[in-house]
Amino acid sequence: MAIEIWMPKLAERIAGIEGLETVYFPDPSDSDAAIPGVLSVFPCAVIMPLRGGDDEFRIAIQLASTEVQVTIYLSESILPEAYNAAIPFIGRMKRRIAGEITFGGLVHHVLPYPLGVGQRWWEGPGSITYGGVPHLGITFRLLVKEQETFTVAA
């Protein structure tokens, strides 16, 4: 698989979270999903790959990993009442990811992913800047492991 194949499925899974209005992700084939310059629909989610690598090349299995960040933006500005609306999204995201960790066999697995020792897989709710504007949001980090088929040669 390649990121352009599983990323739309991840976006579809995230879009199924109750209360989200829209999901944006980098997709050259879908202009409606494209990352906007300015957020205008709330609550929304923005999915971005963070980094890749840590690929495992073995005779029997070839796994590639991609760290992904999903940020849910709750409001156009920092509103105290938006914190109340933000909290349920933490459980909703957990349940949505746990509900289908292989995307029906499309990937090896997608799981919550803390960035380092002592770190957590989600942060917030709090102020998150997008396009130079502070919004209230929650950031989630996921690790997608995809099985690839290719020839490893010297």
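Anything mentioned here points back to the structure above.
**Student:** What is the right way to read the pattern of salt bridges from this model?
**Tutor:** Two side chains that carry opposite charge are able to pair once their charged atoms sit near each other. Summed over all chains, the structure comprises three salt bridges. Between Glu 67 and Arg 51 there is a salt bridge, with the nearest N and O atoms lying 2.5 Å from each other. Here Arg 51 lies in strand β2 (residues 44-57) and Glu 67 lies in strand β3 (residues 62-75), a separation of 16 residues in the sequence. On the basis of relative accessibility, which here comes to 14%, the residue Glu 67 falls in the buried class. Here Arg 51 falls in the partly exposed class, since its relative accessible area comes to 44%. A salt bridge links Glu 123 to Arg 141; the shortest N-O distance between them is 2.8 Å.

**Student:** Looking at this model, I keep getting lost on helix α1 (residues 3-15). Mind explaining?
**Tutor:** One turn of an α-helix holds 3.6 residues; hence residues three or four places apart share an orientation. The end-to-end C-alpha distance of α1 is 18 Å, a good match for the 18 Å that 13 residues give at a rise of 1.5 Å each. Among the residues making up α1, those that are buried are Trp 6, Met 7, Leu 10, Ala 11, Arg 13 and Ile 14. On an axial view of α1, the arc spanned by its buried residues comes to 160 degrees, and they lie on one face.

**Student:** What exactly am I supposed to notice about unusual backbone geometry here?
**Tutor:** Glycine aside, the phi torsion of most residues is negative, and most peptide linkages are trans. A cis geometry characterises the amide bond from Phe 42 onward to Pro 43, with omega recorded as -10 degrees. Looking at where Pro 43 falls in the secondary structure, it is placed in the loop between β1 (22-24) and β2. In the segment running from Gly 124 into Pro 125, the intervening peptide bond is cis, with an omega of 0 degrees. Relative to the elements of secondary structure, Pro 125 occurs in strand β5 (residues 122-130). Its identity as a non-glycine residue notwithstanding, Phe 103 has a phi of 50 degrees, on the positive side. Inspection of the secondary structure puts Phe 103 in the loop between α2 (80-98) and β4 (109-112). Judged by its relative accessible area of 5%, Phe 103 falls in the buried class.

**Student:** I keep staring at the packing of aromatic side chains and nothing clicks. Help me out?
**Tutor:** We describe a pair of aromatic rings using the distance from one ring centre to the other and the angle between the two ring planes. Within the structure shown, the criterion is met by two aromatic pairs. With a centroid separation of 5.5 Å and an interplanar angle of 45 degrees, the aromatic rings of Trp 121 and Phe 140 are classed as tilted. Separated by 19 residues along the polypeptide, Trp 121 in the loop between β4 and β5 and Phe 140 in strand β6 (residues 133-147) bring together distant segments of the chain. Accessibility classification places Trp 121 together with Phe 140 in one group, the buried group. Against the face of Phe 89 rests Arg 92, its NZ or CZ located 4.9 Å from the ring centre.

**Student:** How should I be thinking about the nonpolar core in this particular structure?
**Tutor:** In a soluble, globular protein the nonpolar side chains are often hidden away together inside. Counting residues in each nonpolar core, the largest one holds 31 residues, and the members touching the most others are Leu 10, Ile 14, Ile 47, Val 70 and Met 93. Of all the secondary structure elements, the ones that give two or more residues to this core are α1, β2, β3, α2 and β6. No other element matches the six residues that α2 contributes to this core. Apart from the residues lying within four places of it in its own chain, the contact partners of Leu 10 are Ile 47, Val 68, Ile 97, Phe 103 and Leu 142. Tyr 24, Leu 39, Val 46 and Ile 128 belong to the second largest nonpolar core, which has eight residues in total.

Reading guide: rules and limits
- Residues numbered from 1 in each chain as written.
- Predicted model: local features only at pLDDT ≥ 70, side-chain atom pairs only at ≥ 80, totals over all residues.
- Heavy atoms only, no water.
- Salt bridge = Lys/Arg side-chain N within 4 Å of Asp/Glu carboxyl O.
- Helix = DSSP H or I, 4+ residues; strand = E, 2+ residues; numbered from the N terminus.
- Buried < 20%, exposed > 50% of the residue type's maximum accessible area, 1.4 Å probe, protein only.
- Expected span 1.5 Å × (residues − 1).
- Arc of directions from axis to C-beta.
- Phe/Tyr/Trp six-rings, centres within 6.5 Å; stacked < 30°, edge-to-face > 60°.
- Lys NZ or Arg CZ within 6 Å of the ring centre and 35° of its normal.
- Core = buried A, V, L, I, M, F, W, Y, C linked by side-chain atoms within 4.5 Å.
- Contact = heavy atoms within 4.5 Å.

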